[in-house]
Amino acid sequence: MDKTDPKTNPGNGGETHQQATGKTSTLTTQQGGPIADDQNSLKAGARGPGLIEDHILREKLFHFDHERIPERVVHARGFGAHGYFETTESLEDVTSADIFQRKGERTPAFVRFSTVAGSKGSADLARDVRGFAVKLYTKEGNWDIVGNNIPVFFIQDAIKFPDLVHSVKEEPDRGFPQAQSAHDNFWDFATLMPESMHMLMWQMSDRTIPRSFRFMEGFGVHSFRLVDKDGKSQFVKFHWKPKQGMQSVLWDEALKINGADPDFHRRDLWNAINQGDYPEWELGLQIFDDEFAEKFEFDVLDATKLIPEEQVPIRIVGRLVLDRVVSNFFAETEQVAFCTQNIVKGIDHSNDPLLQGRNFSYLDTQLKRLGGPNFTQIPINAPKCPMHHFQQDGHMAMSNPTGRANYEPNSWGEEEGGPREDPARGFESYPEDVSGPKVRERSETFADHYSQARQFYISQTDTEQQHIINAFAFELSKVKTPVIRERMVSHLLNVDKQLAEKVAEKLGINPLPKPADAAMPTRDDLPVSDKLSILKNGPDSFKGRKVGVLMTDGFDADIFKSLEKSLKAEGAMFEVVAPHSGEIKSSTGDMVKVDEKVDGGPSVLFDAIVILPGSDGVKMLAEMPPALTFVSDAFNHKKFIGYADDAMPLLKKAGISEMLDEGCLQLTNTKTTDEFTQNCRDIRFWQRAG
Ligand code: HDE
């Protein structure tokens with residue numbers, strides 16, 4: 001199947017769309033009239049004024065003028081892909097949701113990953129939460145799990161969402177900074193909202209600078225409900241676990257990647273899928289009953305808290321595979337409309353006040369963004385199961401009912417009367433017993449803002465803790481108002497004293513402020529949860545990763561071939577980086593295609609590097625600043641480095657020849673290239689100082 005052919009790509013609605021099929025067809029107006037000249041507008045004389053009767057020009061400009069729709073108010077920058085969800089275990093015992101009944105059944109899916117704060121054109125490597133929104137086209141209606149790559153959220157009540165988003169976006173008077181939380185307004189708001197402390201720890205961790213969408217987890221965040229066929233209900237939290245393992249970049253890399261390739265994440269997903277290396281996630285459920293919810297230390301309705309996997313283990317029930325890129329970015333990624341209220345029978349909402357607010361917001365925002373109530377008819381949003389209802393008309397109504405009946409009940413009989421309710425199949429809300437006074441109040445069970453923040457911190461490796469310290473110090477160094485910086489340090493004192501001291505030191509805050517007043521004091525240490533760390537859950541192979549091989553004419557053909565073989569066997573990729581584009585010639589005269597010219601292919605774009613120059617070429621490289629940075633950056637970013645003997649002059653000039661450690665391996669033969677590939681499975685040589 002041609003994946004880019006709209007005819008064969010249902011997400012784009014291409015089945016009925018006659019434009020751009022790839023065949024040479026006659027250019028027409030929107031009315032279908034063939035166009036003879038698309039180069040010149042109609043004028044009174046070749047140098048005369050334009051004529052308003054030029055319907056071809058007017059139609060073209062009219063359409064162009066209206067090409068843009070409002071970008072999403074948050075999560076504007078995103079990238080989507082198609083795939084499927086496969087049920088690997090029947091959940092008949094806990095839910096009547098049709099999608100979970102039959103082991104082995106596949107359900108079509110569309111996933112959109114995103115950053116939150118930046119505009120549509122912002123860079124991929126912003127330090128930011130990532131959206132992980134999944135649309136499942138089930139046989140009993142669309143189910144959207146609109147999640148993030150972090151299991152908790154900043155706020156507890158939807159009423160604070162506009163404030164949160166205003167504070168993190170560009171400051172309104174100046175219109176900057178773009179796609180960054182490192183500014184006064186964000187930290188002012190966050191430090192005045194102690195409930196954000198747990199999320200801030202995640203946000204300052206490497207979770208917010210993932211190496212790729214493929215290497216991050218996804219979470220439904222809220223507690224939802226599962227309801228079985230007898231109406232019995234339990235709570236559930238949804239987790240997406242990447243089969244590829246987790247991996248993040250370093251902050252210095254993120255900054256440089258944004259310059260070198262602002263599309264790094266979307267390009268990565270696009271390339272992986274097009275190369276047949278389909279990313280895959282397991283769906284894990286944390287299922288717990290009301291009794292557990294009662295006795296758990298925190299409120300399961302509080303979205304700033306998680307339930308450690310050690311406490312409620314994850315049950316893997318399915319897998320999500322992304323195997324098809326979009327064929328039209330606008331039609332699919334831009335027009336897809338996720339709504340938390342898109343749920344199916346057998347699944348229900350909980351009373352989480354954040355979720356309750358979301359259920360209003362998503363539908364509402366789509367109306368503004370997509371222009372009318374019929375956005376559900378856009379192919380990417382339309383269910384793939386039969387649907388019949390009496391909703392009608394409105395802007396851009398595309399699928400219109402026929403016949404006389406547009407209401408029910410009616411007297412027009414089975415054939416003519418249209419669809420009817422089906423109590424056996426239809427959605428039913430879990431009949432939870434609820435009563436209480438109408439109040440604007442926050443439950444006291446939501447009051448502990450620090451204990452899980454601390455649990456997160458103490459569950460990290462030393463390296464990860466250091467990254468968190470650095471991230472806080474970096475972000476707060478961009479905050480110009482001293483009292484805001486100090487307020488954050490006063491909160492950190494309630495999380496971890498050493499963390500607070502180290503951040504304070506980097507910010508030049510001396511003496512330390514008093515710890516922030518806490519609605520509830522931090523509890524005695526909660527147990528370390530290894531699942532909260534990225535490094536403790538790294539990949540077990542180098543599959544799907546990419547090596548940058550810096551080469552020149554005269555490179556050693558045998559080493560290159562054996563490296564190529566070894567990386568291929570691992571499922572890893574490589575790109576050839578050279579002083580010039582085109583091709584380079586090996587020691588034995590073989591030609592190899594160059595992927596990147598060295599100044600366009602810095603080492604931050606790769607997971608590991610190999611330096612394989614010819615003995616003459618290395619002298620040229622040693623005089624090229626981008627080649628020197630290629631090497632020194634990789635070293636400083638603790639990447640694995642493979643090098644041929646001929647590379648020494650470059651390593652010397654880059655200042656690392658005296659510091660070569662076990663993360664740097666000289667490549668001489670097949671055995672060493674295999675060893676190099678195996679080393680790369682650790683992704684970084686963290687022992688390297690600095
Ligand atoms: Fe969203 N969020 N959100 N959010 N959110 C939107 O919907 C909102 C929240 C998330 O790729 C908007 O279609 C409120 C949590 C993702 O298209 C908007 C609250 C989580 C996406 C909206 C939250 C998310 C959005 C903007 C607090 C993780 C991108 C455009 C009550 C569980 C979906 C749009 C995509 C998008 C509202 C909090 C995830 C305005 C009011 C918590 C992944 O409706």
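Source: prediction; values computed, not measured.

Caption draft 1: Representation of the overall build of the chain. Across its full length, the chain holds 19 helices and 18 strands. Each of the three principal axes of the chain carries a C-alpha extent, and together these read 90 × 80 × 55 Å. Across the 690 residues of the chain, 53% fall into the buried class. Long-range pairs, those at least 24 residues apart, make up 74% of the contacts in the chain between residues at least 6 apart in sequence. Of the roughly 32,400 Å² of accessible surface on the chain, 51% is carried by carbon and sulfur atoms. Averaging the locations of the 80 positively and 104 negatively charged side chains of the chain gives two centres separated by 3 Å.

Caption draft 2: Structural view of the coordination of the iron atom of the ligand. For the iron atom of the ligand, the protein contributes exactly one donor atom, Tyr362 (OH), at 1.9 Å. Relative to the elements of secondary structure, tyrosine 362 occurs in helix H9 (residues 353-370).

Caption draft 3: Examining the site of the ligand more closely. Around the ligand there are 22 residues in total, and Arg72, Arg112, Arg358, Tyr362 and Gln366 lie nearest to it. Between an oxygen atom of the ligand and a side-chain N or O atom of serine 361, the distance comes to 3.4 Å. When residues of the shell around the ligand are traced back to their parent elements, those giving at least two are strand S3 (130-138), strand S4 (141-148) and H9. The element best represented in the shell around the ligand is H9, accounting for 6 residues.

Caption draft 4: Looking closely at the UniProt feature "binding site: heme" (unreviewed entry) in the chain. According to UniProt, the positions carrying the feature "binding site: heme" (unreviewed entry) are Arg72, Arg112, Phe161, Arg358, Tyr362 and Arg369. Arginine 72 sits in the buried class, given a relative accessible area of 10%. Contact partners of arginine 72, with chain neighbours within four places excluded, come to Arg112, Thr333, Glu334, Val336 and Arg369. Polar side-chain contacts of arginine 72 include one of 3.3 Å to the backbone oxygen of threonine 333. The partly exposed category is assigned to tyrosine 362, whose relative accessible area is 22%. When residues no more than four places from it in sequence are discounted, the contact partners of tyrosine 362 are Val146, Phe338, Cys339, Thr340 and Gln341.

Caption draft 5: Here's a closer look at the pairing of strand S17 (residues 640-643). Burial along S17 is two-sided: the residues Phe640 and Gly642 and Ile641 and Tyr643 are all buried. Where strand S16 (residues 608-612) meets S17, 4 bridges bridge the pair, whose relative direction is parallel. Residue pairing for S17: alanine 608 is matched across the bridge by phenylalanine 640. When S17 meets strand S18 (residues 664-666), the two strands line up parallel, connected through 3 bridges. Paired with glycine 642 across the strands is leucine 665, a residue of S18. Following the chain from S17 across helix H18 (residues 648-653) to the adjacent parallel S18, one finds a crossover that is right-handed.

Caption draft 6: Broad picture of a negative patch on the surface. Taken together, the side chains of Asp556, Asp558, Asp645 and Asp646 make up a negatively charged region of the molecular surface. When you line up the elements, aspartate 645 lands in the loop between S17 and H18.

Caption draft 7: Representation of unusual backbone geometry in the model. Going from glutamate 408 to proline 409, the amide bond is cis rather than trans, its omega being 5 degrees. Position of proline 409 among the secondary structure elements: in the loop between H9 and helix H10 (413-416). Between asparagine 510 and the following residue, proline 511, the backbone shows a cis peptide bond with an omega angle of 0 degrees. Here proline 511 lies in the loop between helix H14 (497-507) and strand S11 (546-551). With phi around 60 degrees, histidine 75 is a residue other than glycine that occupies positive phi space. Note on placement: histidine 75 falls in the loop between helix H1 (55-65) and strand S1 (78-87). Backbone geometry places aspartate 393, a non-glycine residue, at a positive phi of 60 degrees. One can find aspartate 393 in the loop between H9 and H10. Judged by relative accessible area, which is 45%, aspartate 393 ranks as partly exposed.

Conventions we followed
Residues numbered from 1 in each chain as written. Predicted model: local features only at pLDDT ≥ 70, side-chain atom pairs only at ≥ 80, totals over all residues. Heavy atoms only, no water. Helix = DSSP H or I, 4+ residues; strand = E, 2+ residues; numbered from the N terminus. Buried < 20%, exposed > 50% of the residue type's maximum accessible area, 1.4 Å probe, protein only. Contact = heavy atoms within 4.5 Å. Areas by Shrake-Rupley, 256 points an atom, 1.4 Å probe, with all protein chains shown as cover. Lys, Arg positive; Asp, Glu negative; His and termini not counted. Charge placed at Lys NZ, Arg CZ, Asp CG, Glu CD. Donors = N, O, S within 2.8 Å, 3.2 Å for Na, K, Ca; no water. Near = heavy atom within 4 Å. Polar contact = N/O pair within 3.5 Å; in protein donor to acceptor, adjacent residues only side chain to side chain. UniProt positions renumbered as here; feature names shortened; annotations may be inferred. Pairing = 2+ DSSP bridges. Right-handed = clockwise from strand over helix to strand, strands pointing away. Patch = residues over 30% accessible without salt bridge, like charges linked within 9 Å, V, L, I, M, F, W, Y side chains within 5 Å. Salt bridge = Lys/Arg side-chain N within 4 Å of Asp/Glu carboxyl O.

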